[in-house]
Amino acid sequence: MKGDANEFMKRIKESLLKEVSAQCSDNNDDDNDMKKFITNYFNMFDSGFVEKSIQCSMCNEITKEQSSFEELLLYFDQIHHDQNSKKNSCNLGEMLKSYSTGFNSNLERECQACMQRTRTVEKNRIASYPEILVIVLCRSITNEGRIMLSVNFPVENFQPSEYLNDGNDDTTYDLIASVNHHAKPNGGGHYYAICRQNISGRWYKYDDKNVEAANFTKGKGIRTVKIEHQRAATILFYIKRSKSTSSVSILSNKYEDE
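Residues numbered from 1 in each chain as written. Predicted model: local features only at pLDDT ≥ 70, side-chain atom pairs only at ≥ 80, totals over all residues. Heavy atoms only, no water.

Peer 1: How should I be thinking about the nonpolar core in this particular structure?
Peer 2: A general trend in soluble globular proteins is that nonpolar side chains are found buried together. Counting 34 residues, the largest nonpolar core has Leu74, Leu92, Ile135, Leu137, Phe153 and Tyr238 as the members making the most contacts within it. Once you skip the residues sitting within four places of it in the chain, Leu92 turns out to touch Leu74, Ile135, Leu137, Val151, Asn152, Phe153, Pro154, Phe158, Leu236 and Tyr238. If you look at the next biggest cluster of nonpolar residues, it comprises 13 residues, including Phe42, Phe45, Cys138 and Ile235. (Core = buried A, V, L, I, M, F, W, Y, C linked by side-chain atoms within 4.5 Å. Buried < 20%, exposed > 50% of the residue type's maximum accessible area, 1.4 Å probe, protein only. Contact = heavy atoms within 4.5 Å.)

Peer 1: How should I be thinking about the sheet that holds strand 15 (residues 233-240) in this particular structure?
Peer 2: Sheet strands line up and pair through hydrogen bonds in the backbone, either parallel or antiparallel. Sheet architecture is open: seven strands sit in the order 3-7-15-9-10-11-12, paired in mixed fashion. Where the open sheet ends on each side, the last strands, each with one partner, are strand 3 (72-75) and strand 12 (210-213). Each strand of the sheet is rotated relative to its neighbour by a mean of 20 degrees, with strand direction disregarded. Packed onto the sheet, helix 1 (residues 5-23) meets strand 3, strand 7 (132-138), strand 9 (173-183), strand 10 (189-196) and strand 15 and runs at close to 55 degrees relative to strand 15. (Pairing = 2+ DSSP bridges. Helix = DSSP H or I, 4+ residues; strand = E, 2+ residues; numbered from the N terminus. Axes fitted to C-alpha atoms, helices over the stretch in contact; angles between N-to-C directions.)

Peer 1: How should I be thinking about the packing of aromatic side chains in this particular structure?
Peer 2: Here the distance between the centres and the angle between the planes together describe a pair of aromatic rings. Enumeration according to the criterion identifies three aromatic pairs in this entry. Measuring from ring centre to ring centre gives 4.7 Å for Phe158 and Tyr238, while their planes differ by 45 degrees; the resulting arrangement is tilted. Placement of the pair is Phe158 in the loop between strand 8 (150-152) and strand 9 and Tyr238 in strand 15, with a sequence separation of 80 residues. Relative accessible area serves as the criterion here: at 0%, Tyr238 is assigned to the buried category. The ring of Tyr192 has Lys205 lying over it, and the distance from NZ or CZ to the ring centre is 4.5 Å. (Phe/Tyr/Trp six-rings, centres within 6.5 Å; stacked < 30°, edge-to-face > 60°. Lys NZ or Arg CZ within 6 Å of the ring centre and 35° of its normal.)

Peer 1: Even after reading the chapter, I still don't get a nonpolar patch on the surface, so can you show me in this structure?
Peer 2: There is a patch of nonpolar side chains on the surface, built from Met34, Phe37 and Tyr41 and spanning about 340 Å² of accessible area. Secondary-structure assignment places Tyr41 in helix 2 (residues 29-43). Overall, Tyr41 belongs to the partly exposed group, its relative accessible area being 39%. (Patch = residues over 30% accessible without salt bridge, like charges linked within 9 Å, V, L, I, M, F, W, Y side chains within 5 Å. Areas by Shrake-Rupley, 256 points an atom, 1.4 Å probe, with all protein chains shown as cover. Salt bridge = Lys/Arg side-chain N within 4 Å of Asp/Glu carboxyl O.)

Peer 1: How should I be thinking about the pattern of salt bridges in this particular structure?
Peer 2: Between side chains of opposite charge, pairing is possible as soon as their charged atoms come close. Counting across every chain of the model gives eight salt bridges. Close ionic contact of Lys13 with Glu70 constitutes a salt bridge, the shortest N to O distance being 3.6 Å. You can see Lys13 sitting in helix 1 and its partner Glu70 sitting in the loop between strand 2 (62-69) and strand 3, a full 57 residues away along the chain. Residues Glu122 and Lys52 are paired through a salt bridge, measuring 3.5 Å at the closest nitrogen-oxygen approach.

Shown next as structure tokens:
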């Protein structure tokens, strides 16, 4: 199937729920418990809400819309499309700021105040954070190529409110997985995942049926992701940290990457 990994993930979710629902029987508690478990699991991904502020370019009236989201789609600046190079770099905070900063929409809307159909200026704000925050780095470009620059993203103690226009929210996340893309010279490529084992805090690479330890991070104290993985990352999975607990990866400090 052609398409990005996040589209594939959505189809897997829809197919799994459809399959389980078709097999469930009203008289079978095990089936119903399985359906409830799977449904609740996926609800952890789409329990967040984003608020969009839409300002009319004619009367400057601002209207707001709120909707749930399964992932945040973050796009690269045009310069990275025009000058696509492995030498380029950015960080996740910069991309989040672009997501929340006002931008001119290419679509025309009918203003509810002045009833004029015109272009708008839009801003995004996270009104409610999900249990699992999925961030998609939109690397695809026209001619089936991919943006190759490295994106520095945090491993622990990630607070999106530092970059997003959402007030003083102190929601904190820790990275638990990254879906990466290994590009091939012919324009194709292969997806694989790197995930953190919850008990040991170690990282493992899942490549089809092969599973092996992954040399994913470097440094002590504030750990960073290695450059080769920063270039390959396409989807990031962050889990919300409970305010009553410390980092889910506190045990990982016992296992320094080589």
